[in-house]
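# Breakdown of the fold
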Amino acid sequence: MQEKELRLHIQSQAKILSQLDKERIKDDREVKQYIYGPKEGTVSKTFRWIWSHRVARMGQDWIFLALLGMLMAVISYVVDKGILMCMNTRVWLYKDLDFENPIARYLAWVSLPVCLILFSAGFVNQLAPTSISSGIPEMKTILRGVQLKQLKKFLTFKTLVAKVIGLTATLGSGMPLGKEGPFVHIASILAQILSKLSIFRGIFENESRNIDMLAAACAVGVGACFASPVGGVLFSIEVTTTYFAVRNYWRGFFGAVCGALFFRLIAVWFHNVDTLKAIFSTSFTIEFPYGPQELLAFAMLGLICGVLGALWVWVHRQYVYFTRRNKFVDMIIKKNCFLYAGILALMVSTITYPNGLGMFMAGELSTHQQVSYMFTNFTWSQDDLTAQETAISNYWTNPITGEVFSVLFGYAAFTFFFSIITSTMPVPNGIFIPVLKIGAALGRMVGEAMHLWFPTGVFYGNHLNLIIPGTYAVVGASAFAGAATHTVSVGVILFEMTGQITHLLPVMIATLISCAVAAILQPSIFDSIIVLKKLPYLPDLLPTGSGVYNCKVGDFMVSDVVYIWKSITFKQLEDILRKNKELYSIPLVDNEDTMVLLGTVSRYSLIRMIQRHIERAKRMDIENKQREEDEKMRMFREQPRRRSSLFEVINEPDVDRLRQIASNEMLTPRAKQNVLLMEQKPLKSILKKSDSFLMKGFNPLSPHSPTNSTELKLRSAFDIVYQKSVTLPDVPVDPELGSPTSAKSEPNLTASTKKVKLPLERFIDRPIEEQRQWRAKEMSKPINLDDKKLTIEPVSFHLMESTPLMKVHSLFAMTGINQAYVTRVGKLVGVVALEELRKVIEDINNGNLVIKTEPIVTELRIPETPETPNTPETPLSPLTPEPTLSEEIFQKGFDFGSKNIRNY
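Residues numbered from 1 in each chain as written. Predicted model: local features only at pLDDT ≥ 70, side-chain atom pairs only at ≥ 80, totals over all residues. Heavy atoms only, no water.

## Side note on the overall build of the chain
Helix and strand content of the chain: 33 helices and eleven strands. Sorting the 904 residues of the chain into buried and exposed places 44% on the buried side. In the chain, the proportion of contacts linking residues at least 24 apart, taken out of those at least 6 apart, comes to 76%. For the chain, the exposed area adds up to about 50,800 Å²; of that, 60% sits on carbon and sulfur atoms. (Helix = DSSP H or I, 4+ residues; strand = E, 2+ residues; numbered from the N terminus. Buried < 20%, exposed > 50% of the residue type's maximum accessible area, 1.4 Å probe, protein only. Contact = heavy atoms within 4.5 Å. Areas by Shrake-Rupley, 256 points an atom, 1.4 Å probe, with all protein chains shown as cover.)

See the structure below:
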């Protein structure tokens, strides 16, 4: 029995020891992992070595772009699937439930769109408000190299989630909106997120490569949206950049091809499609697609679309201005996003109700069905139609008059106006699909009219060419979209979307004419949105204007330059910063006479320099040093002097002491030191004890000093308390009482050391008037340019007064700078900012430029401001020092102005 118990005891102890050993080994492993980092396995090391030494050098960009294209294809498929499910659900609620009550059918038609729009507006505004609207104007600004505060969260994961879900709900509601702009934004966010991964870390850390990948991501977004890689690359180049880097060309093509190919393969795998097909597949005739006489009709269609496209952009801008000027509408949009979005969704759903006005604009069809039916190659008004063709034409036939023109006109007018109105909703949306549908409806109207005028077709030689209204719809869609976006690449997108290139010449002729007309009348819709959002942008020049070549930098530069010089005082610098809050950096010159430009200093650095110069800690340090010097001088003056004696006292030589010194010379150095330490004694004087004490070892702060008065004791006590208070933390404030918590109310029982709590105000500061005098004295001193914390940046670009406007425009567009200084033999004479350049280009394009004829001012001075009358200053609290400029600016924030941003 004892042996069994002993065995069990030994086994239990062995298990305990084994468990302790395992825990010890585990703890040692965790400690080593914490100290040396995680230990990689053989497979992980091999993979990392192959990636860093082979793959990363040979094709890191290829893998990045391929992965980006595949992810965008998956997102595009998911979004399209979600939109299709929402549209089918809406049709099921309207048709299959078979409500006999018309009110119930109406509610079934409008309920789902309103709910989806309300969900999208609430979800987007709560999660990421930066996902609202298109995204192309912001990407155009980012690709110029401009980093703004409002775009800081534009490329985050939250914005990606909000954009995808909000876009699916918005387009699933049937609103006349598009998805191309949001897809460009989504692709850019994916590129930014992927570049932050460890394997692609080099892309994110290199700003130039990061911008290149964002430019390629814009092409990937368009390619995955419409399965059009070639048109996507060209469209991204035309829309997002002014000057395109050729090195990004293959990146955009490779990523767009991967995205478009994978997107179509997903459709084959999950939709059981036999092969890869175009999105809006057409079957136009190939042998004789159009007659030469029709080219005139195509050109006229391009002219009409150019005018109407410019009108669409103008109406869009005017409506946005109306919503901002109207206080009631502006209050609804800003304070209650649900109400505005819900009202518009209910209005659109009511108008498109199939048993109401929707029967006059094909309201029952989805966006994909509407575009596909308008691209069909048969005439809706002819009699000999098949059953399938008759079913399609019935959607576009007026049930009262039996003709198609009123339905097409109603559809085009509805999409024209409500695409503008709904684009202002606080939800993700695009504008490319709406303008495509407007142009397709206009082109279909012209095609149907041409068929009525030439029912048998047009003859050219011995050939008879039939009129195909679907070709006019394709040409009109390309022309109107090109007029609205100022791009020619929409024609290539249409070729890839339809799968045919037979109408290459008509499409290009109409698109070029519409773009030319629209460019003369209005800016593109993306540039218009940039103006509305007050983002920095640079408009395009019209090279045909003679004013472009005659205009020089001296005609539009700002001559009254605000600058600082080497010997400027802190007070003058403070006045300049207060009067020019919109300036982000200020030029530095050597002096006011020579005006030689040395560099620029940021506003933040100057404010920090002023703050360090007049901060409270520096003043208290100076006061403490001054107090110590005054105290030493006072004690020296108050020290009593020994009266001179009539007799000279000479000490008698000590023979024994001399003998002892002689014997100590024979000792070792260490023994000598010990003897000296033991024999050190204070010398005794033969005079009075008090006088001897004053002669040597006098300490006025010592309590044993015979001259220590009550004032010295109090001063010593205050000095000791102050020296302790410097190293002690502030007293915590009781939130209930609003006062510092005493040591008795909250004893610290767990602390090992005793903490002395002092009041928040540790010492009695100078009077307010003395503080102001000290501050005025310090502010009258010149600035110190040798301060290590003050960074003087060199000026990268210099302009001359004779530099032509074309060169300045190219410089700003290629480099992405926001300002450039104008010099004359190194002398600062002016500055050109993005705002001045934009204004002069707009004046040239509008014909309002006035060339200066007077000579340019060579002497520059700071503009004098009118003197303000001396007003009594507001008395400050005795415990609160006068606020400095830096404290005031840091509390209120940098004021960049409400009109525009001027980064110079």
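## Some remarks on the side chain of His613
Of note, His613 is situated in helix α24 (residues 603-614). On the basis of relative accessible area, His613 is assigned to the buried category, the value being 11%. Within polar-contact distance, the side chain of His613 engages the backbone oxygen of Glu778 at 2.9 Å. With sequence-adjacent residues up to four places away left out, His613 is seen in contact with Phe570, Lys618, Trp774, Glu778 and Lys781. (Polar contact = N/O pair within 3.5 Å; in protein donor to acceptor, adjacent residues only side chain to side chain.)

## Quick look at a nonpolar patch on the surface
On the surface, Leu296, Met300, Leu303, Val307, Ile520 and Leu521 cluster together to form a nonpolar patch covering roughly 580 Å² of accessible area. When residues of the nonpolar patch are traced back to their parent elements, those giving at least two are α11 (294-325) and α20 (504-521). Sorting elements by how many residues they give to the nonpolar patch places α11 first, with four residues. Mapped onto the fold, Leu296 is located in helix α11. Using a relative accessible area of 61% as the deciding quantity, one classes Leu296 as exposed. (Patch = residues over 30% accessible without salt bridge, like charges linked within 9 Å, V, L, I, M, F, W, Y side chains within 5 Å. Salt bridge = Lys/Arg side-chain N within 4 Å of Asp/Glu carboxyl O.)

## Quick look at the pattern of salt bridges
As a working rule, side chains carrying opposite charge can pair if their charged atoms are close by. According to the stated counting rule, one finds ten salt bridges in the structure shown. Across the pair Glu448 and Arg444 runs a salt bridge, and its minimum N-O distance is 3.1 Å. Placement of the pair is Glu448 and Arg444 together in helix α17 (residues 432-453), with a separation of four residues, close to one helical turn. One exposure class covers both Glu448 and Arg444, and it is buried. With a shortest N-O distance of 4.0 Å, Glu574 and Lys571 are connected by a salt bridge. Linking Glu574 with Lys571, this pair stays in helix α23 (residues 570-579), spanning three residues, or about one helical turn. Where salt bridges share partners, they join Lys571, Glu574, Asp575, Arg578 and Arg775 into one cluster.

## Topic: the pairing of strand β11 (residues 827-833)
Here β11 lies mainly inside the structure; seven of its seven residues are buried. Two strands pair when backbone bridges link them, and strand β10 (residues 819-824) and β11 are joined in this way by six bridges, in the antiparallel orientation. In the sheet register, Ala820 faces β11, and the bridge partner there is Val832. Once β10 ends, the chain turns through two residues before running back antiparallel as β11, passing Val825 with a positive phi of about 55°. (Pairing = 2+ DSSP bridges.)

## Here's the deal with the packing of helix α3 (residues 102-127) against helix α5 (residues 157-172)
Interhelical geometry of α3 versus α5 gives an angle of 170° and a closest axis separation of 8 Å. In this view, α3 runs roughly antiparallel relative to α5, as classed from their interaxial angle. The chirality of how α3 crosses α5 is left-handed. Contact with α3, carried on its side by Leu116, Ile117, Phe119, Ser120, Phe123, Val124 and Leu127, involves Lys158, Val161, Ala162, Ile165, Gly166, Ala169, Thr170 and Gly172 of α5 and no other residues of that element. A per-class count over the contact of α3 with α5 returns ten nonpolar, four polar and one charged. (Axes fitted to C-alpha atoms, helices over the stretch in contact; angles between N-to-C directions. Parallel < 35°, antiparallel > 145°, perpendicular 65-115°, else oblique. Left-handed = near helix turned anticlockwise from the far one by under 90°. Nonpolar A, V, L, I, M, F, W, Y, C, P; charged D, E, K, R; others polar.)

## Regarding the sheet that holds strand β4 (residues 585-589)
If you walk across this open sheet you meet the four strands as β3-β4-β5-β8, and the pairing is mixed. Edge positions in the sheet fall to β3 (564-565) and β8 (792-793), since each has one partner strand and no second. Where β4 lies against strand β5 (residues 597-602), five bridges are found, and the strand directions are antiparallel. For Pro587, the partnering residue across the bridge sits in β5 and is Thr600. Of the strands in this sheet, β3, β4 and β5 are in contact with α24, which crosses β5 at around 75°.

## Remarks on α24
Its twelve residues place the ends of α24 17 Å apart at the C-alpha level, agreeing with the 16 Å of an ideal helix rising 1.5 Å per residue. In terms of burial, α24 is largely enclosed, as ten of its twelve residues are buried. Among the residues making up α24, those that are buried are Arg603, Ser605, Leu606, Ile607, Met609, Ile610, Gln611, Arg612, His613 and Ile614. (Expected span 1.5 Å × (residues − 1).)

## Remarks on the pairing of β4
Every regular strand shows the same layout, with side chains that alternate between the two sheet faces. Taken across its five residues, β4 has five buried, putting it largely inside the fold. Of the two faces of β4, the one carrying Ser585, Pro587 and Val589 and the one carrying Ile586 and Leu588 are both buried. The pairing of β3 with β4 spans two bridges and is parallel. Within β4, the residue paired with Ile564 across the bridge is Leu588.

## Side note on the environment of Met139
Along the chain, the position of Met139 falls in helix α4 (residues 136-143). Between the C-alpha atom of Met139 and that of Val184, which follows or precedes it by 45 residues, the distance is 8.4 Å. Residues in contact with Met139, not counting those within four places in the same chain, are Phe154, Leu155, Ser188, Leu214 and Cys218.

## Points about the sheet that holds β11
One open sheet holds the three strands; their spatial order is β9-β10-β11, and the pairing between them is mixed. One side of each edge strand has no neighbouring strand; the edge strands of this open sheet are β9 (798-799) and β11.

## Observations regarding the nonpolar core
Membership of the largest hydrophobic core comes to 122 residues, with the highest contact counts inside it found for Leu68, Met72, Phe235, Trp312, Phe375, Trp396 and Met425. Looking at this core element by element, the count peaks at eleven residues for helix α8 (residues 207-226). Beyond its immediate stretch of four places on either side in the chain, Met72 contacts Phe183, Ile186, Ala187, Leu190, Val220, Gly221 and Ala224. Listed in part, the 29 residues of the second largest apolar core include Ile568, Leu583, Ile614 and Met779. (Core = buried A, V, L, I, M, F, W, Y, C linked by side-chain atoms within 4.5 Å.)

## Examining the packing of α11 against helix α21 (residues 525-532)
At a minimum axis separation of 10 Å, α11 and α21 run at an interaxial angle of 20°. With respect to each other, α11 and α21 are oriented roughly parallel. Between α11 and α21 the crossing geometry is right-handed. Here Trp312, Val313, His316, Arg317, Val320, Tyr321 and Arg324 of α11 lie close against α21, whose contacting residues are Ile525, Ser528, Ile529, Val531 and Leu532. For the contact of α11 with α21, the residue count by class is eight nonpolar, two polar and two charged.

## What about the packing of aromatic side chains?
Within the structure shown, the criterion is met by 18 aromatic pairs. Ring centres 5.4 Å apart and planes at 70° place the aromatic pair Tyr94 and Trp109 in the edge-to-face group. Taken together, the residues Tyr94 in helix α2 (residues 42-96) and Trp109 in helix α3 connect sequence positions 15 residues apart. In this structure Tyr94 comes out as buried when scored by relative accessible area, which is 4%. The interplanar angle of 85° and the centroid separation of 5.0 Å between the aromatic rings of Tyr249 and Phe253 together place this pair among those described as edge-to-face. Here Phe253 and Tyr249 lie together in helix α10 (residues 249-271), a separation of four residues that amounts to about one turn. By relative accessible area, Tyr249 is classed as partly exposed at 36%. (Phe/Tyr/Trp six-rings, centres within 6.5 Å; stacked < 30°, edge-to-face > 60°.)

## Focus: the side chain of Asn580
With respect to the element layout, Asn580 can be found in the loop between α23 and β4. Reaching out from Asn580, the side chain makes a polar contact with the backbone oxygen of Ile576 at a distance of 2.9 Å. Discounting residues that sit within four places of it in the chain, Asn580 has contacts with Val562 and Arg603.

## Describing unusual backbone geometry
Trans is the prevailing form of peptide bonds, just as negative phi is the prevailing case for residues other than glycine. Its identity is not glycine, yet Ala227 carries a phi of approximately 55°, on the positive side. A residue is classified by how much of its surface remains accessible, and Ala227, at 16% relative accessible area, is buried. Residues other than glycine seldom take positive phi values, yet Val825 does so here, at roughly 55°. Structurally, Val825 is set in the loop between β10 and β11.

## With respect to the confidence of the model for the chain
For the chain, mean pLDDT is 76; residues scoring 70 or higher make up 72% of the total. Per-residue pLDDT stays below 50 along residues 681-708; that stretch engages in 28 contacts with residues further than four places along the chain or on separate chains. (pLDDT = per-residue confidence, 0-100.)

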